Amino acid sequence: MNSKIAVITGATKGIGRAISEQLWSLGYSLAICARSADDLKEMKQVLAKALPTSIEGNDQPKILTQVCDVSQEAQVRAFAKTIHDNWGRVDLLVNNAGAFTPGKLIEEEDGTLEKLLNTNVMSAYWLTRSLLSDLRASNHALIVNISSIAGLMAYPPGGSYAVSKFALRGLSATLRDELKEEGIKVTTVFPGATWSASWEGVDLPKHRLMLASDVAQSVVGLLALSSQAVVEELLIRPQLGDL
Ligand SMILES: NC(=O)c1ccc[n+]([C@@H]2O[C@H](COP(=O)([O-])OP(=O)(O)OC[C@H]3O[C@@H](n4cnc5c(N)ncnc54)[C@H](OP(=O)(O)O)[C@@H]3O)[C@@H](O)[C@H]2O)c1
């Protein structure tokens, strides 16, 4: 595989989709997952039509899609195996898929924390560990974990979501420390409110939230740094502040 290779979870909508589209336009091959097979099919068709014209012959980027619920360890391991068997190298891993269940720790349903930890934290733990040999096969691997402002400060309807996003920050910091000598970078991104499927129907002025492409642009910008520098944490919020 001549092109660089990126793995993005939760890639069919919102921030994950915007990151995938920007990487595709830069010539990255993509391994993407989501739970909906239809959405993956639709996305593959859209990207295939938008193949960068500057890329020719063997350098043509490729797309691997796999249905995968990242809250299920066996499915995450199967996704990693597909990537390993097909490509054997990963230059960029974006642990993006996440779920948000608004509520309060003291009131939410039993099992909420367990569910959100599986989707928002264990998923990144399982996938990163499963792809370690592929990340090591890259000379310049970067792991990006998408946390949230809710992973930095408690806020009213955060509940278990906030706990899970704080935990993801801890996972990132630990991985960063363990992998730095190997030249593998780890960045945690803390986005504020960003228009996406999760905000559909909310009655707010368009300019009040960030665009998914804003977050994607910030992630893609990380790839421009020399091997000597890492952005450990990236905080990006709406110009007018949190909601
Ligand atoms: N939007 C915001 O305001 C905001 C702010 C801070 C942080 N974030 C974080 O940014 C990330 C992306 O959020 P978003 O708002 O862009 O999401 P979104 O628009 O709701 O899209 C979520 C994407 O992830 C997939 N997905 C959801 N659950 C999944 C699962 N269990 N397994 C695999 N794929 C799954 C969805 O596809 P399927 O439904 O087909 O699985 C979809 O492709 C999340 O980690 C979120 O916590 C978002």
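Enquirer: Tell me about the side chain of Ser147, and please be specific about residues and values.
Expert: Residue placement: Ser147 occurs in the loop between strand E5 (142-146) and helix H6 (159-179). On the basis of relative accessibility, which here comes to 3%, the residue Ser147 falls in the buried class. For Ser147, the side chain forms a polar contact with the main-chain oxygen of Lys165, separated by 3.1 Å. Here Ser147 is in contact with Lys165, Leu168, Thr188, Val189, Phe190 and Pro191, once residues within four sequence places are set aside.

Enquirer: Let's hear about the sheet that holds strand E3 (residues 63-67): which residues, and what values?
Expert: Pairing is parallel in the open sheet, where 7 strands are placed in the order E3-E2-E1-E4-E5-E6-E7. Because the sheet does not close on itself, it has two edges, and the strands there are E3 and strand E7 (233-236). Between one strand and the next, the sheet's axes are offset by a mean angle of 15 degrees, whatever the strand orientation. Here 3 bridges tie strand E1 (residues 5-9) to strand E4 (residues 92-95), and the two strands are oriented parallel to one another. Each residue of the ladder has a partner; that of Val7, found in E4, is Leu93. Packed on one face of the sheet, helix H1 (residues 14-25) meets E1, strand E2 (29-34), E3, E4, E5 and strand E6 (185-191) and runs near 165 degrees to E1. Along the sheet, helix H7 (residues 212-221) makes contact with E5, E6 and E7, crossing E7 at roughly 155 degrees.

Enquirer: Residue-level account of the site of the ligand, with values.
Expert: With respect to spatial proximity, 29 residues lie near the ligand, and among them Thr12, Arg35, Asn96, Tyr161 and Ser196 are the closest. A distance of 2.9 Å separates an oxygen atom of the ligand from a polar atom in the side chain of Lys165. The backbone of Thr194 places a nitrogen or oxygen atom 2.8 Å from an oxygen atom of the ligand. Listed by contribution, the elements that provide at least two residues to the shell around the ligand are H1 and H6. Its residues placed into classes, the shell around the ligand shows 12 nonpolar, 13 polar and 4 charged.

Enquirer: For the pairing of E4, give the residues involved together with the corresponding values.
Expert: Burial of E4 is two-sided: the residues Leu92 and Val94 facing one way and the residues Leu93 and Asn95 facing the other way are all buried. The pairing of E4 with E5 spans 4 bridges and is parallel. Directly across from Leu92, in E5, lies its bridge partner Leu142.

Enquirer: Please provide a residue-by-residue account of H6, values included.
Expert: Compared with the 30 Å implied by 1.5 Å per residue over 21 residues, the 31 Å span of H6 between its first and last C-alpha is a close match. Here H6 has its buried residues at Gly159, Ser160, Tyr161, Ala162, Ser164, Lys165, Leu168, Leu171, Ser172, Leu175, Arg176 and Leu179. On its buried face, H6 sits against helix H4 (112-130), helix H5 (132-136), E5 and E6.

Enquirer: Give me the packing of helix H3 (residues 73-86) against H4: which residues, what numbers.
Expert: Orientation of H3 relative to H4, taken along the N-to-C sense of each, is 30 degrees, at an axis distance of 9 Å. On the basis of the axis angle, H3 is roughly parallel to H4. For the crossing formed where H3 meets H4, the hand is right-handed. Of H4, the residues touching H3 (which contributes Glu73, Val76, Arg77, Phe79 and Ala80) are Ser123, Trp126, Leu127 and Ser130. Partitioned by chemical class, the residues of the contact of H3 with H4 number 5 nonpolar, 2 polar and 2 charged.

Each value, and the rule that gives it
Residues numbered from 1 in each chain as written. Predicted model: local features only at pLDDT ≥ 70, side-chain atom pairs only at ≥ 80, totals over all residues. Heavy atoms only, no water. Helix = DSSP H or I, 4+ residues; strand = E, 2+ residues; numbered from the N terminus. Buried < 20%, exposed > 50% of the residue type's maximum accessible area, 1.4 Å probe, protein only. Polar contact = N/O pair within 3.5 Å; in protein donor to acceptor, adjacent residues only side chain to side chain. Contact = heavy atoms within 4.5 Å. Pairing = 2+ DSSP bridges. Axes fitted to C-alpha atoms, helices over the stretch in contact; angles between N-to-C directions. Near = heavy atom within 4 Å. Nonpolar A, V, L, I, M, F, W, Y, C, P; charged D, E, K, R; others polar. Expected span 1.5 Å × (residues − 1). Parallel < 35°, antiparallel > 145°, perpendicular 65-115°, else oblique. Left-handed = near helix turned anticlockwise from the far one by under 90°.

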